[in-house]
Number of protein chains: 2
Amino acid sequence: MGRREKEFVREITSQEADYSQWYLDVVLKAQLMDYSPVKGCMVIRPYGFALWENIQQGLDRRIKDTGHKNAYFPLFIPESLLQKEAEHVEGFAPEVAWVTHGGSEKLAERLVVRPTSETIICEMYSRWIQSWRDLPVLINQWCNVVRWEKVTRPFLRTSEFLWQEGHTAHRNEEEAEAETLLMLDVYRDFAENDLAVPVIPGRKTENEKFAGALRTYTIEALMSDGKALQAGTSHNLGEHFARVFDITYLDKDGTLKYVWQTSWGASTRLIGAVIMVHGDDRGLALPPKIAPVQAVLVPIAPKQARETVLRRAQALFSELKEAGVRLELDDREEYSAGWKFNEWEMKGVPLRIELGPRDLESGQAVLVRRDTGEKVTAPLAGLGGKVAALLLEIQANMLEKARRFREENTSCTDDYGEFKRIIEERRGLIVSHWCGDSECELAVKEETKATIRCLPFRPEGPPGRCLRCGSQSGTVAYFARAY
Amino acid sequence: MGRREKEFVREITSQEADYSQWYLDVVLKAQLMDYSPVKGCMVIRPYGFALWENIQQGLDRRIKDTGHKNAYFPLFIPESLLQKEAEHVEGFAPEVAWVTHGGSEKLAERLVVRPTSETIICEMYSRWIQSWRDLPVLINQWCNVVRWEKVTRPFLRTSEFLWQEGHTAHRNEEEAEAETLLMLDVYRDFAENDLAVPVIPGRKTENEKFAGALRTYTIEALMSDGKALQAGTSHNLGEHFARVFDITYLDKDGTLKYVWQTSWGASTRLIGAVIMVHGDDRGLALPPKIAPVQAVLVPIAPKQARETVLRRAQALFSELKEAGVRLELDDREEYSAGWKFNEWEMKGVPLRIELGPRDLESGQAVLVRRDTGEKVTAPLAGLGGKVAALLLEIQANMLEKARRFREENTSCTDDYGEFKRIIEERRGLIVSHWCGDSECELAVKEETKATIRCLPFRPEGPPGRCLRCGSQSGTVAYFARAY
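In this text, all values refer to a predicted model and were calculated from it rather than measured experimentally.

What counts, and at which threshold
Residues numbered from 1 in each chain as written. Chains lettered and ligands numbered in written order. Predicted model: local features only at pLDDT ≥ 70, side-chain atom pairs only at ≥ 80, totals over all residues. Helix = DSSP H or I, 4+ residues; strand = E, 2+ residues; numbered from the N terminus. Rg over C-alpha atoms; globule rule 2.2 N^0.38 Å. Buried ≥ 20, exposed ≤ 12 C-beta atoms within 10 Å, placed from the backbone. Contact = placed C-beta atoms within 7 Å. Pairing = 2+ DSSP bridges. Core = buried A, V, L, I, M, F, W, Y, C linked by C-beta atoms within 7 Å. Axes fitted to C-alpha atoms, helices over the stretch in contact; angles between N-to-C directions. Parallel < 35°, antiparallel > 145°, perpendicular 65-115°, else oblique. Left-handed = near helix turned anticlockwise from the far one by under 90°. Nonpolar A, V, L, I, M, F, W, Y, C, P; charged D, E, K, R; others polar. Least-squares fit on C-alpha atoms with pLDDT ≥ 70 in both. Expected span 1.5 Å × (residues − 1). Domains from an automatic or database assignment. pLDDT = per-residue confidence, 0-100.

Undergrad: What's the story with the overall build of chain A in this structure? I'm lost.
TA: Scanning chain A from terminus to terminus reveals 15 helices and 25 strands. Here the C-alpha atoms of chain A give a radius of gyration of 25 Å, agreeing with the 23 Å that 2.2 N^0.38 yields for 483 residues. For chain A, the spread of C-alpha atoms along the principal axes amounts to about 85 × 55 × 50 Å. For chain A, buried positions account for 48% of its 483 residues. For chain A, long-range pairs separated by at least 24 residues make up 69% of all intrachain contacts whose partners lie at least 6 apart in sequence.

Undergrad: Can you help me understand the interface of chain A and chain B in this one?
TA: As a measure of interface size, the accessible area lost when the parts come together is often cited. Taken together, the contact pairs 44 residues of chain A with 44 residues of chain B. For the side of chain A that touches chain B, the element with the most residues is strand β5 (residues 97-102) of chain A, which contributes six residues. Sheet topology note: the β5(A)/strand β5 (residues 97-102) of chain B ladder contains five bridges and is antiparallel. In the strand pairing of β5(B), A:Gly102 is matched with B:Ala97.

Undergrad: Quick question: what am I supposed to make of unusual backbone geometry here?
TA: Both trends apply: most residues other than glycine have a negative phi, and most peptide bonds are in trans. All names here are of chain A. Note that the residue after Leu 135, namely Pro 136, is joined by a cis bond; omega there is -5 degrees. With respect to the helices, strands and loops of the structure, Pro 136 is situated in the loop between α6 (118-128) and β7 (137-146). The phi torsion at Lys 449 lies on the positive side, around 65 degrees, for a residue other than glycine. Using a count of 14 C-beta atoms within 10 Å as the deciding quantity, one classes Lys 449 as partly exposed.

Undergrad: Would you explain the environment of B:Arg312 in this entry?
TA: Residue and element names in this part refer to chain B. Along the chain, Arg 312 falls in helix α10 (residues 306-322). The class for Arg 312 is partly exposed, based on 18 C-beta atoms found within 10 Å. For the pair formed by Arg 312 and Pro 357, sequence separation is 45 residues and the distance between their alpha carbons is 9.9 Å. Those residues in contact with Arg 312 that sit more than four places away from it in its chain are Leu 355 and Leu 360.

Undergrad: Would you take a moment to explain the sheet that holds strand β11 (residues 228-238) of chain B for this structure?
TA: For sheets, the rule is that strands pair by backbone hydrogen bonds, running either parallel or antiparallel. All names here are of chain B. Across the sheet, which stays open at both edges, the 11 strands sit in the order β3-β7-β8-β14-β11-β10-β9-β24-β27-β23-β22 with mixed pairing between neighbours. Lying at the two open borders of the sheet, with one neighbouring strand each, are β3 (69-70) and β22 (410-412). As defined by bridge partners, strand β7 (residues 137-146) adjoins strand β8 (residues 160-170) across 10 bridges and the pair is classed as antiparallel. Considered in β8, the bridge of Val 146 is made with Glu 160.

Undergrad: How should the nonpolar core be read in this particular structure?
TA: As a rule of thumb, soluble globular proteins bury nonpolar side chains together. Judged by nonpolar contacts, the single largest core of 281 residues is most densely connected at A:Val197, A:Ala221, A:Ala231, A:Ala273, B:Val197, B:Ala221 and B:Ala273. The contacts of B:Val197, once residues within four sequence positions are left out, are B:Ala191, B:Glu192, B:Ala221, B:Ala231, B:Ala273, B:Val274, B:Val277 and B:Ala402.

Undergrad: What exactly am I supposed to notice about the packing of helix α10 (residues 306-322) of chain A against helix α13 (residues 383-408) of chain A here?
TA: Think of two packed helices as two axes; the pair is described by the angle between the axes and how far apart they sit. Residue and element names in this part refer to chain A. Running from amino to carboxyl end, α10 crosses α13 at an angle of 55 degrees, the nearest separation of the two axes being 9 Å. Here α10 is positioned oblique relative to α13, judged by the angle of their axes. Every pair of crossing elements has a handedness; the one defined by α10 and α13 is right-handed. Packed against α10, whose contacting residues are Leu 316, Glu 319 and Leu 320, the element α13 presents Leu 383, Gly 384 and Val 387 at the interface. In terms of residue class, the contact of α10 with α13 is built from four nonpolar, one polar and one charged.

Undergrad: Whenever I open this one, the sheet that holds strand β14 (residues 260-267) of chain A confuses me. Can you help?
TA: Residue and element names in this part refer to chain A. What the 11 strands build is an open sheet, ordered β3-β7-β8-β14-β11-β10-β9-β22-β25-β21-β20; its pairing is mixed. With partners counted over all chains shown, the strands left at the sheet margins are β3 (69-70) and β20 (410-412), one partner each. Together, β7, β8 (160-170) and β14 form the strand contacts of helix α3 (residues 46-65), whose direction differs from that of β8 by roughly 5 degrees.

Undergrad: I tried to follow the relation of the copies chain A and chain B on my own but got confused; where do I start?
TA: One copy of the chain maps onto the other through a rotation about an axis plus a displacement along that axis. Note on the identical chains: chain A maps onto chain B by a rotation of 180 degrees and an axial translation of 0.0 Å, with an RMSD of 0.0 Å. Taken together, these values place the two copies in the relation of a two-fold axis. The C-alpha atom lying nearest the rotation axis in chain A is that of A:Val99; the distance is 2.1 Å. Comparing interface residues between copies, 100% of those in chain A also lie at the interface in chain B; the contact surface is shared.

Undergrad: Got a minute to help me understand helix α3 (residues 46-65) of chain B in this structure?
TA: Think of an α-helix as 3.6 residues a turn; residues three or four steps apart then line up on the same face. For α3(B), spanning 20 residues, the distance from its first C-alpha to its last is 28 Å, which sits close to the expected 28 Å at 1.5 Å a residue. Positive phi shows up at B:Gly67, right after α3(B), with a value of about 90 degrees.

Undergrad: What is the right way to read the domain arrangement of chain A from this model?
TA: Residues and elements named next belong to chain A. Assigned domains of chain A: these are domain 1 (18-278), domain 2 (295-390) and domain 3 (410-480). Inter-centroid distance (C-alpha atoms) of domain 1 to domain 3 is 28 Å. Every contact between the two is made by 15 residues of domain 1 and, on the other side, 16 residues of domain 3. For the side of domain 1 that touches domain 3, the secondary-structure elements that each account for two or more residues are β9 (200-203) and β10 (215-222). Looking at side-chain class alone, the side of domain 1 that touches domain 3 contains four nonpolar, five polar and six charged residues.

Undergrad: I'm lost on the environment of B:Val444 in this one. Help?
TA: All names here are of chain B. Mapped onto the secondary structure, Val 444 falls in helix α15 (residues 438-448). We classify Val 444 as buried; it has 24 C-beta atoms within 10 Å. Along the chain, Val 444 and Phe 479 lie 35 residues apart, while their C-alpha atoms are 9.3 Å from each other. Here Val 444 is in contact with Ala 450, Leu 467, Arg 468 and Phe 479, once residues within four sequence places are set aside.

Undergrad: When you look at the pairing of β8(B) in this model, what are you seeing that I'm missing?
TA: Residues in a regular strand point their side chains to alternate faces of the sheet. Residue and element names in this part refer to chain B. Most of β8 is tucked away: 10 of the 11 residues are buried. Of the pairings in the sheet, the one linking β8 to strand β14 (residues 260-267) comprises eight bridges and is antiparallel in character. Looking across to β14, one finds that Gln 164 is bridged to Ala 266.

Undergrad: What should I look at first to understand the pairing of β10(A) in this one?
TA: All names here are of chain A. Among the eight residues of β10, seven are classified as buried, and the element is accordingly described as predominantly covered. The pairing of β9 with β10 spans four bridges and is classified as antiparallel. Counted as the bridge partner of Pro 201 is Ile 219 from β10. By the bridge criterion, eight bridges tie β10 to strand β11 (residues 228-238) in an arrangement that is antiparallel.

Undergrad: How do you make sense of the environment of A:Ile300 when you look at a structure like this?
TA: Residue and element names in this part refer to chain A. Here Ile 300 lies in the loop between β15 (295-299) and α10. With 20 C-beta atoms packed within 10 Å, Ile 300 lands in the buried category. Residues Ile 300 and Tyr 335, 35 residues apart in the sequence, show an inter-C-alpha distance of 11 Å. The residues touching Ile 300, leaving out its near neighbours within four places in the chain, are Ala 337, Glu 354, Leu 355 and Gly 356.

Undergrad: How should I be thinking about the confidence of the model for chain A in this particular structure?
TA: It should be kept in mind that the predicted coordinates are not to be read in detail where pLDDT is low. All names here are of chain A. Chain-level pLDDT for chain A is 95 on average; 98% of the residues reach the 70-or-more range. Note on residues 1-7: pLDDT is under 50 here. Beyond four places in sequence and across chains, it has 10 contacts. Scored as a complex, the prediction yields pTM 0.96 and ipTM 0.96.

Undergrad: Got a minute to help me understand the packing of α3(A) against helix α7 (residues 173-193) of chain A in this structure?
TA: All names here are of chain A. One can describe the packing of α3 onto α7 by two numbers: an axis separation of 10 Å at closest approach and a directional angle of 145 degrees. α7 is crossed by α3, and the crossing has right-handed handedness. Across from Gly 58, Leu 59, Arg 62 and Ile 63 in α3, the residues of α7 making contact are Val 186, Asp 189 and Phe 190. For the contact of α3 with α7, a count of residues per class yields four nonpolar, one polar and two charged.

Here is the structure:
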C-alpha cells in the first residue's frame, strides 16, 4: 500500500472512535453533500443527488403503480390557512420560515414557506371535491419543504429538505385506513427491496403522531450505532382537516359528508438511513438498486501494457453498459490503482472490476464485492451476466446482513433495570410491554432518552407487565433512542 | 350532437373573440392548473403535471447526454450573497420574496427565496474549484424559483414557477461560449422535436440580456395570436461572477485564473408555448411525444352490445399498452360518446380510437386525429403498429403546421410605417435592419410595443437601413410584441 492510499483511509474517523464524526466524514468525503452559506441548509452534490434520483424513481414508480398522480402546489401558505387546524398549527408554527416582504413591499398577510402541505392542499380539495364520483382523490407531490431546525445534521435533519408528500381524500374511514396502510406497506417494500433497509412497521403513540392526524403509522429502521430512525410515515387524518376546510361531498345516499383524508411522506432522510445501515470504516456502501454507480472498472497496467489493457477495458465497458449495468471506467492516469480502490469504496460502489495484463492473458477479470470484500475471478466471456447476478446477490446479502444485525440488536424485557442497562450499554431496539399510558411513556423518555418507536401490528409473545409501572398489559412496544 | 355536447364546446371562448380569455379557459378546462389562495401562485393539477414530467424527461435526458449532472442547492440565499454582483442584484432585488423570521425569531440576516441560483452556486464553486483538473464543472438543477410578479398569467408568468437551471464553469471564453451555444441548441432541438414548437435561436440585445451576463442567447417561438414567446435562454456569464465570488483555478501554466461561467434555463413556461402554438377552439392539442395520454380508446355501444364491445376494447387496450402507447380506456357509463370526444379533444389527446359493434364485425377501428380531424379506419389486427405510425405522423405534422404558420406570419421590412401597420394589424415576427443603437431599440418599443426578440445567427439578405433611424446597417433583428 502506497503513501497516498494510507492517507486516504486515514481521513475518516472510525465508527468506534466517534460514530457521529464518522457519519459527517462519510457524507463529505463521498461527496454526497456540502455545507452551504445558509444555516441548516445543505447542498446535495451530484453524487448525492444521483442517489436521490434513484430513490425517487423507485418510490415514484410504486406511488404511480398504486394509482396516485403527481401534482404541484404552491411553496407559500398564507398564515390564515396554516392557522385553521389547531393541532397542526401548534405543531408547526414554532418551526416555520416567514415571508413578510415581496420586493420592497410589506405583504398584507404573512406567508409561511411550506413545512408540509396539508393546509394548502385541503383548501384546493374543498373546491375540487363535490360528489362521491370525485373520490378517491389520490395525489402526490415531490418538493422541497422548510422547517426551521435549531440543531441540524446532513440528510437527517436540515432546515430545507426534499421529500414526497401524498395527500388523498376518501369516502369513509375504511377506505382512508386502507390507503394509509397500503402506503405504509409501499414504504416498507421500498425500504427493504430497494434500500436493503429492513424496517418495523407499526403505529405511533398519541404523543408521537403527526400534528393534526387521527393515527400515524411509521416504518422504523435500526442504524448500526444502535439508534433507531423513522424512515417514513403514513397518517390517517380522519375528518380533522375536512371539518375545518369544509371538504364535503354528496354521497350516493344523497347526504352531505366530510371526506376522510390521509397523508404520507418520505424524504432525503432515507439517504441517512442507507449511510448508517450499510456504511463502515471504509466509507459508504450502497445497495446496487439505488447505487449511482453499480460497478467500477479499473484497468491496472504497467506502462508497457497500458494501451492493450485500456483498449480491452474500453470494449468491456461498452459491453457491460450495453448489458444495463450503471458503470464507470476509471482510467485516470494521475492516481494509483490502490488510491482508486479506496476512493470507490468510500463512495460505496457495490462492485469493483479489476483488469490487468495477466487477467487479459488468462481471459478473466477480478471482481471485488464492497459488501463482503470477497474477491472472485470470472471469465471475460459473458461477464455481463456474472456482474448482473453478483449485483443481485449483493443486494440480497445487504438486506440479510442488516436484518441479522437488527435481530442481534433487538432485546425483549419488561424489567426496567435491564432495559436501562441495555439502553446505556449497547442500545438497539427493545421490545417491552407498555400499559398504554402517556405518563409511563414520557417517564421512560425522560429517564432513558428512549422513545416508543412504534406499536407493532403483531405483538409477539404473551401479555406481560408495563416496563415502567408494572401493570398488566397486552400491548407491546418497540423502544429505542432515535435520530 | 346532444345537448350536453353543445354545452361542452360552448364553455370556452373562441380565439378570435378573445385570445387571452381563450387561453385562461383552456388551462382551466383541460385541468392543467387551478388558481391558488396565494396571489400569483398556481396549482399544477395532475394532468398539467404529467405534461411537465414528460417535458422534464425529454429535457433531462438531453442535459445528461451532454455530460451534465443534477444537484440541489438551497432555496434560500443570504442577502449579502445576492448583493455581490451589482447588475444581478439590480435586476432581481425588486422582485424577490424576503424571509425575515424563522419560527418566532427575527433572522440576523434576511434571506431571499431564490429567483435564480447564480449567487449561491458561485459561492459553492469558489470552494470546489481549485485546479484546471476540476474543470469543466457541469451542473444542472431542477427546482422552484420565486419572482414577485405584479401581473401574472398561468404558466407564462407566475410568482413561483418550476424550471431547470444549468450552471457551468470553464477554463476560458472559448469553452464557455461553446457550452452556451451547445445548450441553446439543446433547447432548440427539444422545442422542435418534442414540443413541435419551431424556434428562432439568436442573441439578445444588451437591453434584453440576463442581469449579470456577458451575452444572452434565446430561442423565440411565435404563438398563434402573433405574439412571440421567449422559450429558453442560455447565458455566457463571462468572468463577471467569478471576479466577485473569487472563483479561480490554477491553470496548467501555473497561473491563477478566473473561470468563465454559463447558465441556462427553461421553465413551466414551455407549457404556455405548447398551448398557444397548437391549441384551437376545441381546446388543447398536444404533440404525442409529451402528451400524458397519447390515445384514448372509446368503446361505443348500445346497451345490448355493451358487454361484447367492452370485452374487445379491454383486450385492445392491453395490446396497445403493451406496444408502448400511453393510452386511456374511457368506459365511463355516465357520459355519452360525444361528450367524451369533446372532453378528450379539450385535453389535447392526439388520437382517438373509436370501437363500436359494426367496427367489431368488420374487424376494424376508427382512428380520429386531433391535429387534422381526419378519420381513418384501420384493421384491428396490428393496430399497435398503425397507432405508433400515426403518432409519429401527427408529431411531424404539428411541427410542420407551426412552421408554416410562422413563415406566413413573418414579414420583412425596413419601412417603419409598414412595420407599425403590420404590428397593429396582424402582428407576427418582423425582420428588420437595426443600427445596433439602444436608443432606436427603445424608441421602437415605446412607439409600437414591439421588442427585439433576437439577433439571428445568420442574417438573411443584403444590408439595409435601420428601421427607426435609417442609417446603413448589416444587422438584422427579429421584432415582435411578446409575452
